[in-house]
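Architecture and fold: a report
What follows is each chain in one-letter form.
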Amino acid sequence: MSDPRETFAALWGRFADLPVPLLPLQPVLYRIVRRIAARHPELFDRLGPHQRTNFIIDLTDLPLALHLRPNPRALVFRAVRKDRLPRHDAHIAGDVLTLLRMLDAEVDGDAIFFSRELEITGDTEAIVTLRNALDDVEGSIAEDVAAMFGAAGRMALRRMRDMAHGPQLESV
Amino acid sequence: MTAGELVCPAGTPAALRTAVDAGADSIYCGFQNATNARNFPGLNFTPQELGKSVEYAHSKGARILLALNTYPPAGKFGLWREAADLGADLGVDAFIVADMGVAAYIAKTHPDIRLHLSVQAAAASPDAICYYVREFGVKRVVLPRILTIPEIREIKAEIPCEIETFIFGNHGLMVEGRCSLTNYATGLSTNMDGVCSPAHLVEYRRDADDGMSTRLGPFTIDRFGPQESAGYPTICKGRYVNSEHPDGYYAFEEPISLNLSRLLPALMDAGVDAFKIEGRQRSRAYVKKVVAAFRAAVDDVRAGREPALADLAALTEGQKQTEGAFQTKKWR
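Residues numbered from 1 in each chain as written. Chains lettered and ligands numbered in written order. Predicted model: local features only at pLDDT ≥ 70, side-chain atom pairs only at ≥ 80, totals over all residues. Heavy atoms only, no water.

Here the focus is the overall build of chain B. From N to C terminus, chain B includes 10 helices and 15 strands. Here the C-alpha atoms of chain B give a radius of gyration of 19 Å, agreeing with the 20 Å that 2.2 N^0.38 yields for 332 residues. With respect to the principal axes defined by its C-alpha atoms, chain B has extents near 60 × 50 × 40 Å. Within the span of chain B, comprising 332 residues, buried residues form 59% of the whole. Considering only contacts within chain B whose residues lie at least 6 apart along the sequence, 62% involve residues at least 24 apart. Total accessible area on chain B stands at roughly 13200 Å², and carbon and sulfur atoms take up 51% of it. In chain B, the 36 positive side-chain charges and the 39 negative ones have mean positions that sit 2 Å from each other. (Helix = DSSP H or I, 4+ residues; strand = E, 2+ residues; numbered from the N terminus. Rg over C-alpha atoms; globule rule 2.2 N^0.38 Å. Buried < 20%, exposed > 50% of the residue type's maximum accessible area, 1.4 Å probe, protein only. Contact = heavy atoms within 4.5 Å. Areas by Shrake-Rupley, 256 points an atom, 1.4 Å probe, with all protein chains shown as cover. Lys, Arg positive; Asp, Glu negative; His and termini not counted. Charge placed at Lys NZ, Arg CZ, Asp CG, Glu CD.)

Turning our attention to the UniProt feature "domain: SCP2" (unreviewed entry) in chain A. The feature "domain: SCP2" (unreviewed entry), as annotated in UniProt, sits at residues 37–135 of chain A in this numbering. The annotated region residues 37–135 of chain A carries 35% helix and 24% strand content, and the separation between its end C-alpha atoms amounts to 14 Å. (UniProt positions renumbered as here; feature names shortened; annotations may be inferred.)

Our next topic: helix 6 (residues 149–158) of chain B. All names here are of chain B. Burial in helix 6 covers these residues: I149, I152 and I155. Seen along its axis, helix 6 keeps its buried residues to an arc of 115 degrees; they face one direction. What points out from helix 6, more than 90 degrees from its buried face, is the exposed set E154, A157 and E158. Where helix 6 is buried, its residues contact helix 5 (126–136), strand 7 (162–170), helix 8 (264–270) and helix 10 (324–327). (Arc of directions from axis to C-beta.)

Turning our attention to the packing of aromatic side chains. Taken as a whole, this structure holds 11 aromatic pairs over all chains when the rule is applied. Aromatic pair Y184(B) and F219(B): ring centres 6.2 Å apart, planes at 20 degrees, arrangement stacked. Of this pair, Y184(B) sits in helix 7 (residues 181–186) while F219(B) sits in strand 10 (residues 219–224), placing them 35 residues apart in sequence. Take Y184(B): its relative accessible area is 67%, and that puts it in the exposed class. We classify F219(B) as partly exposed; its relative accessible area is 35%. The structure contains a cluster of three or more aromatic residues connected by ring pairs, namely F113(A), F114(A), Y204(B) and Y232(B). (Phe/Tyr/Trp six-rings, centres within 6.5 Å; stacked < 30°, edge-to-face > 60°.)

Attention now moves to the interface of chain A and chain B. Every contact between the two is made by 29 residues of chain A and, on the other side, 40 residues of chain B. Around 2700 Å² of area is buried between chain A and chain B when both sides are counted, 48% of it from carbon and sulfur atoms. Sorting the residues of chain A by area buried against chain B places R46(A), F114(A) and R116(A) first, and these three jointly supply 29% of that buried surface. At the junction of chain A with chain B, the criterion picks out five salt bridges. Among the salt bridges present, the one from R282(B) reaches D110(A), with a minimum N-O distance of 3.5 Å. Our enumeration of links across chain A and chain B arrives at 19 residue pairs in polar contact (both at pLDDT 80 or more). Where the side of chain A that touches chain B is concerned, the elements lending two or more residues are helix 5 (109–114), strand 5 (119–122) and helix 6 (124–135) of chain A. The leading source of residues in the side of chain A that touches chain B is helix 6 of chain A, at nine residues. Looking at the side of chain A that touches chain B residue by residue, the classes come out as 10 nonpolar, eight polar and 11 charged. (Buried area = accessible area lost by both parts, 1.4 Å probe. Salt bridge = Lys/Arg side-chain N within 4 Å of Asp/Glu carboxyl O. Polar contact = N/O pair within 3.5 Å; in protein donor to acceptor, adjacent residues only side chain to side chain. Nonpolar A, V, L, I, M, F, W, Y, C, P; charged D, E, K, R; others polar.)

What follows is the structure, encoded as structure tokens:
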């Protein structure tokens, strides 16, 4: 029987090389960021003036990047092409699993910066502020988002975590 | 042997709850202003958050230590006075102070609340420590990280207060509370504005060889190769070039973290009452892992067992660890 991690990794690797049509992703991403904003409004207080900062999150193992402007009155969260990045103030680069694990407080942001798994350029204060604001959100943002997509979302998240940690026990 | 109180960091309310749940005996934190030495963007507590955090900690039997450990500049003392009054109203268990004026104000206005002397006061001799105890009623001194364990034992024998030492985090060999390197480079003061290497003046640049350069204000303070572990963007951890070292060298300190887990029994035997974990700017993931590791280790020592030491190397700066001056002053 094949190792599910290898199977998923192979699929993921193939996906990473494909040109991704961005348009269908946009409403999904907007729905995700609206959900996070609705569930964690205190996050915006910590962001302070950086609610108006334009962040690029470069997913190094996918053929796309994410553009985030965390202004609660005009949220922006959309997929963009890496060769056509919009004007931005801060740039964060890392692979999807590492970024997800940081988002869920499974790995320390400074530690993955020291190990060079996370690369940041541009407005350092904005990035530090975003990191601190997200770190004050308890619970799992990734699980919240996965739950929006039902069983398929939860399975995809579980597979991604399997890749990071090895297979997990099914929750009862 | 002492009880070995575990004093843990929290930069956000979520980190504070994480520290409590991971086994902290006490948690130190600060307000969102220059009254504490980690005045970083997006970090620290509003008065409302601190009030709720005090309630949470007390409900679990933990204590809150409020860091007011910076030095008020002329004409701005009111901010520190208000922070002390607010902390007292919110029920904090102790204030961590460095400035004598702040210590005097709290000793006079809130005499029932414990005063701890911050490492920022750089009190490293029995005479200096006794002065703070005598004049302000200080109950605990946080010792600078420049003393060997035999020296700590000697100090303990001569002072009438508790001792707290750092056990994990910054190596911290500078004379703390006196460092002006950030001030020189940026015009902002670590000790008065509460921020070492302010983030808005830090810049990381990707080099042509896929390496990374770190800049603070107008100065390049380090350059890392593509596969090389990085460190914090502080001048004291930078590498510099001169005629003797054309490829650059660490002129002050290296990016390396203090980890005294192996020395816990010796420290407790020498009379260290409390162990401080550094890292208010670090994440919940760091707090959870480091606090849980040291909780288990301290409990093992208390129970007379050999402490099981978790591997914390991945969380260290530069991914390197040292026992620093606690083991030997020839650490380098």
